[in-house]
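Residue-level listing of the chains:
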Amino acid sequence: MKGIVFTVVMSMTLLFVWERVDVVRLGYHIERLKSQKVLLERERDGLRVKLSSLTSPERIARAASDKLSMGRPEKGQIILVHLEPEPPPILQPDSQQGEVRVAKNMPVRRSK
Amino acid sequence: MAGVPSRGRWMVVTTGMMFAFVFVLIRLVNLQVLQAAELTIKADRQHQKSVAFEGARGTIYDRHGKVLAMNMDVPSVFGVPSSLANPGQTAKHLSPILHIRTGELEKKLRQEKHFVWLARKLEPEQGRRLERLALDGVGVVMEGRRFYPKGPLLSHVLGFAGMDDRGLEGIELKYETFLRGEKRVVILQRDALGRAVFPKGLNEKGVAAGHSLVLTIDEVIQYIAEKELDEAVNRTGAKSGTIIVTNPKTGAILAMAVSPRFDPNTVGALSPDRWRNRALTDSYEPGSTMKVVLAAAALEEKVMSPGSMIFGEHGQMAVANTIIHDHEKSGWMTFAQMIQRSSNIGAAKVGMTLGDWRFYDYLKEFGFGDKSDIDLPGEVTGLLRSPREWGRRSVASISMGQEIGVTPVQMIAAIGAIANGGLLMKPHVMSEIRNTKNLPIAQTKPQVRRRVISTETARTLTHIMEGVVTNGTGSKAVIPGYRVAGKTGTAQKIDPRTGAYSSALLVGSFVGFVPAEDPQLAMIVVIDEPRGESWGGVVAAPVFGKVGEQVLNYLGIPAEESVKIALADSTL
């Protein structure tokens, strides 16, 4: 009987100690994960800033003119075309929806 | 009884143990009861660490979700002078990384303090180099720094946040309470090595970041406006320039720019003069653009109709012992022609016919002399005196845009009212406030302040203003294929040296909207002190035309005379 009581008490003590040790271990693990999360968030923010700065209209316009020798369309070169609402057409594979932009003196191509 | 301790030895051991227990008991009472409070604090200080956390400042987006301002953690470096053996040597190591002179750093490190900032909010690479250096008595912590990834774009509207992450100007200041992150002190348990073991507040909610703002500003329209304004200011050698583009139906500001611009990432020692948002902090005499408001009042009161005849006095008329001149001599002209030619004499006559109080009432109705309540800080009311304080010439002067001070924001709100059929809208730049879960918690709905003129008057005036562009002084504002309504203005400025109107210091401006039949854009362009030819029709109207054309293309607003095709029949 004494042996059983001793075993139960010892088991409970060990369980308690194991639980405390595990809590501390998990605490360290959580800390490590939190640090990792912070680092990843920092990296994400850095990338967002970089993306935002790289997609700035000023930079894109500069790159277009300096690197790709692109120019702004001349006055009146862009004609926006009214699209009359039609009954829903049967869509063909190459049909185009939405607004159509036509540049004067330029070959007109259809795109999806 | 050998081996059995004598009674005397028992007594000695028992007494000794009793004394030992009593000593332990006294010590326990001393530690646990008498010094309990003091020792608890001491122990907590050793194994607990309180850290103040502040949530990141909210992000600011344009209306399409493009980031305009956001926070990022960057390294700051501090020194612990009390633990430094050789401050001079430490300063030498730090100097090339921090780009601060050795002497300056050494001075900081020799202070009799336990903590001193050496440099804050550095570039991430500098932080990495410092960590690799691992100097004793020098530490690196991460702090939130405000970034404006688009550089000078929208700088005067965004404003900027200071070193402590508090908004100091512009949107950053106006919406400080929403943008600022939550601040909370969290207690962490430390082990023998000083590492955080198990934060007490682990189960508590994390520190919340600030709310995000979505503006009505469109990044692309803003870029177009800034580019063309900068180009005009440089070309004309002007002191500064202002442009505002709005949706006249809602009062939403699509673009607002002041030239010269500044980069909010490096505000540094710039004077307030550089970052002041002149679109609402500076008033100017509007000159002939004010004739639009005069015309609105005259038409609404049925004092005039487009065909009413006015005699132009052949370019010269005396009013209250002063002479009013016209730049173009006219005889008889219609009311519409008077606006198109921008006749000062005609305007003075219309103003005098309206009368002081009636004209004043309309000026107030259109919002002059009062703040527009735009959600940006620093707005001024401009200058509109009561008719009780007017002189004999005042009604004539105000009719042609003198003796009155307006801000570009007031003027564009008034023009917007004509464009949208007579409703004065409240201008605004904030569209939506979103919480950290990206859910909207507040939205700005278009707000009508009041009706200022009837729809019919607005329509009539729009036709007259179209004539200004097709046949009058605003011909350079033409946008091929679109009907543009507008008005030019050229105002003399007071010369601070003489106190009189200067013939050299002028403000050229243009206000208008497009397409006239269904206005989608209203715009004001103000060029301050251009050199050379300074007429509003020459310096400001072309900016309207260039910006208008690009923005209409960008928004996909087709021209009235554009080709109409049925998609189904399209052979494109």
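Fair warning: this is a prediction, and the values are worked out from it, not measured in the lab.

1. With respect to the overall build of chain B
Part 1 of the argument: Along chain B, the regular secondary structure elements total 20 helices and 23 strands.
Part 2 of the argument: Taking 572 residues into account, the globule formula puts the C-alpha radius of gyration at 25 Å, and chain B, at 35 Å, lies well above it.
Part 3 of the argument: Dimensions of chain B along its principal axes, counting C-alpha atoms only, are 150 × 60 × 60 Å.
Part 4 of the argument: Across the 572 residues that make up chain B, the buried fraction comes to 45%.

2. A word on the overall build of chain A
Part 1 of the argument: Regarding its fold elements, chain A presents two helices and two strands.
Part 2 of the argument: For chain A, the α and β elements follow one another from N to C terminus as α-α-β-β.
Part 3 of the argument: Residue burial in chain A is summarised as follows: out of 112 residues, 2% are buried.

3. Brief notes about the environment of B:Lys349
Part 1 of the argument: In this structure, B:Lys349 sits in helix H14 (residues 344-354).
Part 2 of the argument: Sequence separation between B:Lys349 and B:Gly545 is 196 residues; the distance between their C-alpha atoms is 31 Å.

4. Things to note about the sheet that holds strand S11 (residues 252-259) of chain B
Residues and elements named next belong to chain B.
Part 1 of the argument: Across the sheet, which stays open at both edges, the five strands sit in the order S11-S10-S22-S21-S20 with antiparallel pairing between neighbours. Only two strands of the sheet have a single partner each, and these edge strands are S11 and strand S20 (485-494). Adjacent strand axes in the sheet meet at a mean angle of 10° when their direction is disregarded.
Part 2 of the argument: Bridge analysis of strand S10 (residues 240-247) against strand S22 (residues 521-528) gives seven bridges, and the strand direction is antiparallel. Along S22, the bridge assignment pairs isoleucine 244 with isoleucine 524.

5. Some thoughts on the pairing of strand S17 (residues 430-434) of chain B
All names here are of chain B.
Part 1 of the argument: For strand S9 (residues 212-215) and S17, the ladder comprises four bridges, and the chain directions are antiparallel. When the bridges of S17 are listed, serine 212 appears paired with arginine 434.
Part 2 of the argument: When S17 meets strand S18 (residues 440-443), the two strands line up antiparallel, connected through three bridges. In the strand pairing of S18, isoleucine 433 is matched with alanine 442.
Part 3 of the argument: Joining the antiparallel neighbours S17 and S18 is a turn of five residues, in which asparagine 438 adopts a positive phi near 65°.

6. Regarding the nonpolar core
In summary, soluble globular proteins display a tendency toward joint burial of nonpolar side chains.
Part 1 of the argument: With 142 residues, the main nonpolar core has B:Ile243, B:Val245 and B:Ile415 as its most contacted residues.
Part 2 of the argument: Excluding its chain neighbours within four sequence positions, the residues that come into contact with B:Val245 are B:Ile221, B:Ala225, B:Leu254, B:Ala255, B:Leu521, B:Met523, B:Val547 and B:Val551.

7. Looking at the packing of helix H12 (residues 290-300) of chain B against helix H18 (residues 455-470) of chain B
Residues and elements named next belong to chain B.
Part 1 of the argument: Closest axis-to-axis distance for the H12/H18 pair is 10 Å, and the angle between their directions is 135°. When the axis of H12 is compared with that of H18, the two are oblique. You can see that H12 and H18 cross each other, and the crossing is right-handed. Only Thr457, Thr460, Leu461, Ile464 and Met465 of H18 make contact with H12, whose side of the interface consists of Val292, Ala295, Ala296, Leu299 and Glu300.
Part 2 of the argument: Grouping the constituent residues of the contact of H12 with H18 by class yields seven nonpolar, two polar and one charged.

8. Description of helix H15 (residues 356-365) of chain B
Residues and elements named next belong to chain B.
Part 1 of the argument: When H15 is considered as a whole, its buried residues turn out to be Phe359, Tyr360, Tyr362, Leu363 and Glu365.
Part 2 of the argument: In the core, the buried residues of H15 are packed alongside H12, H14, helix H16 (394-399) and strand S19 (448-451).
Part 3 of the argument: Directly after H15, the chain includes glycine 367, whose backbone phi takes a positive value near 100°.

9. Some words on the packing of helix H3 (residues 87-98) of chain B against helix H4 (residues 102-109) of chain B
Residue and element names in this part refer to chain B.
Part 1 of the argument: Remark: H3 packs on H4, axes separated minimally by 8 Å, with the N-to-C direction vectors making an angle of 135°. Our classification of the angle between H3 and H4 gives oblique. Classified by chirality, the crossing of H4 by H3 is right-handed. Where H3 abuts H4, its residues Pro87, Gly88, Thr90, Ala91, Lys92, Leu94 and Ser95 lie against Thr102, Leu105, Glu106 and Leu109.
Part 2 of the argument: Considering only residue class, the contact of H3 with H4 consists of five nonpolar, four polar and two charged.

The rules behind the values
Residues numbered from 1 in each chain as written. Chains lettered and ligands numbered in written order. Predicted model: local features only at pLDDT ≥ 70, side-chain atom pairs only at ≥ 80, totals over all residues. Helix = DSSP H or I, 4+ residues; strand = E, 2+ residues; numbered from the N terminus. Rg over C-alpha atoms; globule rule 2.2 N^0.38 Å. Buried ≥ 20, exposed ≤ 12 C-beta atoms within 10 Å, placed from the backbone. Pairing = 2+ DSSP bridges. Axes fitted to C-alpha atoms, helices over the stretch in contact; angles between N-to-C directions. Core = buried A, V, L, I, M, F, W, Y, C linked by C-beta atoms within 7 Å. Contact = placed C-beta atoms within 7 Å. Parallel < 35°, antiparallel > 145°, perpendicular 65-115°, else oblique. Left-handed = near helix turned anticlockwise from the far one by under 90°. Nonpolar A, V, L, I, M, F, W, Y, C, P; charged D, E, K, R; others polar.

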